Amino acid sequence: MKKGLIIRSTGSWYELIEEVSNNRYSCRTAGKMKLLKKDLSNPIGVGDFVEFEPENENQGIIHNIHSRKNYIVRQSPKNKHQLHLIAANIDLAVLVTTLKQPTFKPGFIDRFLITTEPQNIPVLIVFNKSDIWEESELLLFEECKSIYNNITFGLLEVSTVTLKNIDLLKEKILGKTCLVAGQSGVGKSSLLNVLQPGIGLKTSEISSSSGKGTHTTTFAEMFILSDGTRVIDTPGIKTLSFNNLEIMDVAHNFKEFFETSVNCRFGSQCTHRNEPGCAVKSAIESGHISFQRYQNYLNLVDEIESQNYWERNKKF
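Residues numbered from 1 in each chain as written. Predicted model: local features only at pLDDT ≥ 70, side-chain atom pairs only at ≥ 80, totals over all residues. Heavy atoms only, no water.

Novice: Could you give me a rundown of the overall build of the chain, with the residues and numbers involved?
Specialist: Secondary structure assignment for the chain yields 9 helices and 13 strands. Sequence separation of 24 or more characterises 65% of the internal contacts of the chain that already satisfy a separation of 6 or more. Element-wise, carbon and sulfur atoms account for 47% of the exposed surface of the chain, whose accessible area totals about 15,300 Å². (Helix = DSSP H or I, 4+ residues; strand = E, 2+ residues; numbered from the N terminus. Contact = heavy atoms within 4.5 Å. Areas by Shrake-Rupley, 256 points an atom, 1.4 Å probe, with all protein chains shown as cover.)

Listed below in structure tokens is the structure:
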């Protein structure tokens, strides 16, 4: 058996790098592995370390998956009753967003943080396309910093046109295994093309009719940069839904809510909605917790509460 690192997942085939020789293999999973993790639409993710048996110099069979230090899953876009494993063994998640072209959606940030917080994965929020910002966007960026600076790895404004803060971004991700995620059209592929000239990822224009981006990345794929940094590019995400969470999962993974809940009358069991003596609601009234983030929290809780129990009672 040999050990390999999964660098690309295309559904039934996985491309990996063998750890000693750095040779690349295209592998299928052994039949028994298809029975594992039946609630997952894919048993293996990019970033997984696996044991495989070569069949020839180009292909092999994966037999085992090594234990993961962490992972990111989302509701499968094809089957709402399953989870899709996006990536594993991540040091830093880089969430790419924009303040215009496409339109900024603050609720998406909080939805993404729900996927990383349970696994203690730090998140760097990168605001791309700063070269087209005007005064309103500059003010909005400052507002976002006031909300997210203390609950994430930080915020960074960048431009792939002027190269603003690109060197600083390289410093922040240096030597790490980084997942790069974001909605379609925010410029993830353009950003990777700047970080590693020669990758040659396809980019697309924003639709003039919808104002939204179109998918240019089809499958998750890891790129190893010249400085050794590992970057996992992922397909653009349209929406993030959660059939695998309970209401308290959301309450406990809004970081500042959970920290403040020690002062709630009902402690960590407070949902911060109608309970008396809620310290979180008091912190919102005093301005110590963002009202906008609280609204995003309520939207998530309402969405999960409206789902049938059997739809959301899925455990990874």
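Novice: How would you sum up empty space enclosed by the protein? Please name residues and give values.
Specialist: Taking a probe equal in size to a water molecule and rolling it over the atoms shows the remaining empty space. Within this structure, the stated rule accounts for 2 cavities of 30 Å³ or more. Considered as a void within the structure, the largest cavity measures approximately 40 Å³ in volume. Every residue lining the largest cavity is listed: Val94, Leu169, Ile173, Val180, Leu191, Leu195 and Val231. A class-by-class count of the residues in the lining of the largest cavity yields 7 nonpolar, no polar and no charged. Taken as a whole, the second largest cavity spans an internal volume of roughly 30 Å³. Residue lining of the second largest cavity: Leu113, Glu117, Ile151, Asn253, Lys255 and Arg293, and that is the complete set. For the lining of the second largest cavity, the class distribution of residues is 2 nonpolar, 1 polar and 3 charged. (1 Å grid on protein atoms, 1.4 Å probe; cavity = no way out; pocket = protein on both sides within 12 Å on 5 of 7 lines; lining within 4 Å. Points joined across faces, edges and corners; volume = space filled by probe spheres on them. Nonpolar A, V, L, I, M, F, W, Y, C, P; charged D, E, K, R; others polar.)

Novice: Now, about the pattern of salt bridges: what can you tell me, with residues and values included?
Specialist: The final tally for this structure, using the stated rule, is 12 salt bridges. Its salt-bridge partner being Arg273, residue Glu305 comes within 3.1 Å of it at the nearest N-O pair. Of this pair, Glu305 sits in helix H8 (residues 291–306) while Arg273 sits in the loop between helix H6 (255–260) and helix H7 (279–285), and the two are 32 residues apart along the sequence. Among the charged side chains, a salt-bridge network with shared partners connects Asp110, Glu256 and Arg293. (Salt bridge = Lys/Arg side-chain N within 4 Å of Asp/Glu carboxyl O.)

Novice: Tell me about the nonpolar core, residues and numbers included.
Specialist: Residues Ile6, Leu16, Ile62, Ile109, Phe127, Tyr148 and Leu179 are the most contacted members of the largest nonpolar core, which totals 42 residues. Setting aside residues up to four positions removed in sequence, Leu16 forms contacts with Gly4, Leu5, Ile6, Ile7, Asn23, Arg24, Tyr25, Cys27, Val50, Phe52 and Ile62. Of all hydrophobic cores here, the second largest spans 22 residues; its members include Ala251, Cys264, Cys278 and Leu300. (Core = buried A, V, L, I, M, F, W, Y, C linked by side-chain atoms within 4.5 Å. Buried < 20%, exposed > 50% of the residue type's maximum accessible area, 1.4 Å probe, protein only.)

Novice: Any chance you could break down unusual backbone geometry for me, citing the residues and the numbers?
Specialist: Excluding glycine, residues mostly have negative phi values, and the peptide bonds linking residues are mostly trans. Residue Pro102 is bonded to the preceding Gln101 through a cis peptide linkage, with omega at 5°. Among the secondary structure elements, Pro102 is positioned in the loop between strand S8 (92–98) and helix H1 (106–116). Even without being a glycine, Gln101 presents a positive backbone phi close to 55°. With respect to the helices and strands, the residue Gln101 is situated in the loop between S8 and H1. Overall, Gln101 belongs to the partly exposed group, its relative accessible area being 47%. Its identity as a non-glycine residue notwithstanding, Asn165 has a phi of 60°, on the positive side. Note on placement: Asn165 falls in the loop between strand S10 (154–157) and helix H3 (166–173).

Novice: An account of the packing of H3 against helix H4 (residues 188–195) is requested, with residue identities and associated values reported.
Specialist: Two elements in contact, H3 and H4, have axes whose closest approach is 11 Å; the angle formed by their N-to-C orientations is 85°. The angle between the axes of H3 and H4 places the two elements in the roughly perpendicular class. Residues Ile166, Leu169, Lys170 and Ile173 of H3 lie in contact with H4, whose contacting residues are Leu191, Val194 and Leu195. For the contact of H3 with H4, the class distribution of residues is 6 nonpolar, no polar and 1 charged. (Axes fitted to C-alpha atoms, helices over the stretch in contact; angles between N-to-C directions. Parallel < 35°, antiparallel > 145°, perpendicular 65-115°, else oblique.)

Novice: Can you break down the side chain of Thr229 residue by residue, with the values?
Specialist: Considering the arrangement of structural elements, one finds Thr229 in the loop between strand S12 (221–224) and strand S13 (230–233). Looking at Thr229, the relative accessible area reads 0%, which means it is buried. Of note is the side chain of Thr229, whose polar atom sits 2.9 Å from the side chain of Asp227. Discounting chain neighbours no more than four positions away, the residues touching Thr229 are Ile173, Leu174, Gly175, Lys176, Phe223 and Ile224. (Polar contact = N/O pair within 3.5 Å; in protein donor to acceptor, adjacent residues only side chain to side chain.)

Novice: Give a detailed account of the pairing of S12, specifying residues and quantitative values.
Specialist: Inspection of the sheet shows S12 paired to S13 by 4 bridges, in the antiparallel sense. Looking at the pairing, Phe223 lines up with Val231 of S13. (Pairing = 2+ DSSP bridges.)

Novice: Break down the confidence of the model for the chain for me, with residues and values.
Specialist: Reading predicted coordinates in detail is not appropriate for stretches of low pLDDT. Mean pLDDT over the chain: 87, with 85% of residues reaching 70 or higher. The secondary structure element of the chain with the lowest average pLDDT is helix H9 (residues 309–312), at 56, and the one with the highest is strand S9 (residues 123–128), at 98. Every residue in residues 206–217 is under pLDDT 50, and counting partners more than four places away or in other chains gives 30 contacts. (pLDDT = per-residue confidence, 0-100.)

Novice: Summarise the packing of H1 against H8; cite the residues concerned and give the values.
Specialist: As a packed pair, H1 and H8 sit with axes 10 Å apart at the nearest point and diverge in direction by 65°. In the crossing of H1 with H8, the sense of the turn from one axis to the other is right-handed. From H1, Pro106, Gly107, Asp110, Arg111, Leu113 and Ile114 reach across to H8, where they touch Gln292, Arg293, Asn296, Leu300 and Glu303. (Left-handed = near helix turned anticlockwise from the far one by under 90°.)

Novice: For H3, give the residues involved together with the corresponding values.
Specialist: Structurally, the α-helix is built with 3.6 residues per turn, so residues lying three or four positions apart point the same way. Inspection of H3 places Ile166, Leu169 and Ile173 among the buried residues, and these make up the whole buried set. Viewed end-on, H3 has its buried residues packed into an arc of 55°, placing them on one side of the element. In H3, the exposed positions angled more than 90 degrees off the buried face are occupied by Asp167 and Glu171. Of the residues flanking the end of H3, it is Gly175, one or two places downstream, whose phi is positive at about 75°. (Arc of directions from axis to C-beta.)

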